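A structural walkthrough
In case you want the letters, here they are:
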Amino acid sequence: MSRSEELFARAGELMPGGVNSPVRAFRAVGRHPFFVERAAGPYLYDVDGNRYLDYVCSWGPGILGHACPQVIEAVQKACADGLTFGAPTEKEVELAELIAKCVPDVEMVRLVSSGTEAVMSAVRAARGFTGREKIIKFAGNYHGHSDGLLVKAGSGLMTQSVPDSAGVPAGYAASTLTAAYNDCESVRRLMEENEGQIAAIVLEPVAANMGVVLPKPGFLEFLRQITEKHGALLIFDEVITGFRLALGGATETTGVHADLHTFGKIVGGGMPLAAYGGRKDIMSCVAPLGPVYQAGTLSGNPVAVTAGIETLKILRAHPEIYRQIEKQAAKLETAYRKKGLTVNRAGSLLSAFFAPGWEAAAGEAVCNYEDACRCDREAFAQYFNRMLSHGIYVAPSQFEAMFVSAAHTDELIDFTCDTIAAWNR
């Protein structure tokens, strides 16, 4: 028995499924997970001495690669000064200023500890500001595991074939209406049928939890227009796309402005930190200024904030990082397309889908939740296991994204492309 197998057996006695987040269980690809001992640059090293070229990047935060020396040094120094104070620090202000400089839509921001908490809080702020209860989300968009948003969600729910979560009161779900991603008419119909009741439309501006699915031309613009027409707010869930597509996130790349944004992953530099923010008049409804209550003992803790500050500073000082990682992702896209796979890519974020027709080198387009669900999961599992056997770690689910980091060199990308080219089912 390998060390990873031994640890997984022990974990299974103490943790549901032996993991602390469902997709880590590797069930969708028919195997047990490996256990990581350490990471550096583009690589993960497991407890059995294996090295993997990592395209998961901790599900997005690792845009600079693992254990970036500048970030690690700053975090170690912050740890020496104390882990958490439950009181304000100058660093909180500095990170808030950095976020606002990168994303001009964010006039006021609140730091929290997870993407789930950020989106949950942004939705609460939208309801408090508008005085309305209902929200519209999109099938296949995942916004964390808060009760009201686990309706037709993507990510781990798709991987585990769970359409909705048990334990969510019917009343919570009733206030969440679900539209089809990239379908303007489905949104228009819900807005008209619930006139004056919709507080906000919340979405991933580039979906990344049913695999990467890009908005069709005009879709985000339509959402901006219809929310303004009906007095509702537009919330961009940028837990994944924030600081990944560009410093200004989806707004910078699409030109569409949201009323509220949520951030996670990169904004914490690999530490548990997230944020939500937007228009000052909306955020002024949040306690202690307003009646929308939200709090957190570890919110803005100095260690996580330090990691976020150093990461954003590097990205701001080196804009060439974005050009480089997009170029590398484009090479991967070409390699996958040559195998007949459908590839959706936004900057350095991409997914290769085993969509119907892929074996004949004519994979169908993937534009929404239904398209993603038609993909060949068995073929994906075979592909995943072959890549892993060659020391390449991609997400263990057809419905997750592939991330490229600044640590993925030309040589490593070429090695990956060659491995893809040599794969046959």
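The structure we're discussing is the one just above.
Residues numbered from 1 in each chain as written. Predicted model: local features only at pLDDT ≥ 70, side-chain atom pairs only at ≥ 80, totals over all residues. Heavy atoms only, no water.

Next up on the list: the side chain of D259. With respect to the helices, strands and loops of the structure, D259 is situated in the loop between α9 (249-254) and β9 (260-263). Looking at D259, the relative accessible area reads 5%, which means it is buried. One polar contact links D259 to R224, side chain to side chain, over a distance of 2.9 Å. Of the polar contacts made by the side chain of D259, one reaches the backbone nitrogen of L234; its length is 2.8 Å. (Helix = DSSP H or I, 4+ residues; strand = E, 2+ residues; numbered from the N terminus. Buried < 20%, exposed > 50% of the residue type's maximum accessible area, 1.4 Å probe, protein only. Polar contact = N/O pair within 3.5 Å; in protein donor to acceptor, adjacent residues only side chain to side chain.)

Applying the stated rule across the entire model yields 18 aromatic pairs. Consider the rings of Y383 and W423, whose centres lie 6.1 Å apart with planes at 80°: the pair is edge-to-face. Highlighted residues: Y383 in helix α14 (residues 377-389) and W423 in the segment after α15 (410-422), separated in sequence by 40 residues. Since its relative accessible area comes to 5%, Y383 is described here as buried. Residue class for W423 comes out buried when judged on its relative accessible area of 6%. Cluster of aromatic residues (ring-pair linked, three or more members): Y336, F354, W358, F380, Y383 and W423. Note that R38 overlies the ring of Y45, its terminal NZ or CZ placed 3.9 Å from the centroid. Stacked on the ring of Y43, the Lys or Arg R51 has its end atom at 3.9 Å from the ring centre. (Phe/Tyr/Trp six-rings, centres within 6.5 Å; stacked < 30°, edge-to-face > 60°. Lys NZ or Arg CZ within 6 Å of the ring centre and 35° of its normal.)

Note on strand geometry: in a regular strand, side chains alternate between the two faces of the sheet. The buried fraction of strand β11 (residues 342-346) amounts to 4 of the 5 residues, a majority that puts the element mostly inside the structure. The pairing of β11 with strand β12 (residues 349-353) spans 5 bridges and is antiparallel. Paired with R345 across the bridge in β12 is L350. Counted along the chain from β11 to the antiparallel partner β12, the turn is 2 residues long, and its residue G347 has a positive phi close to 60°. (Pairing = 2+ DSSP bridges.)

Turning our eyes to something else, we now look at the environment of A275. Within the secondary structure layout, A275 lies in strand β10 (residues 274-278). Counting along the chain gives 14 residues from A275 to H261, while the straight-line C-alpha distance between them is 8.3 Å. Setting aside its immediate chain neighbours within four residues, A275 contacts I99, V109, R110, L111, V112, A118, H261, T262 and F263. (Contact = heavy atoms within 4.5 Å.)

Such coordinate-based values are descriptive only and should not be taken to indicate function.
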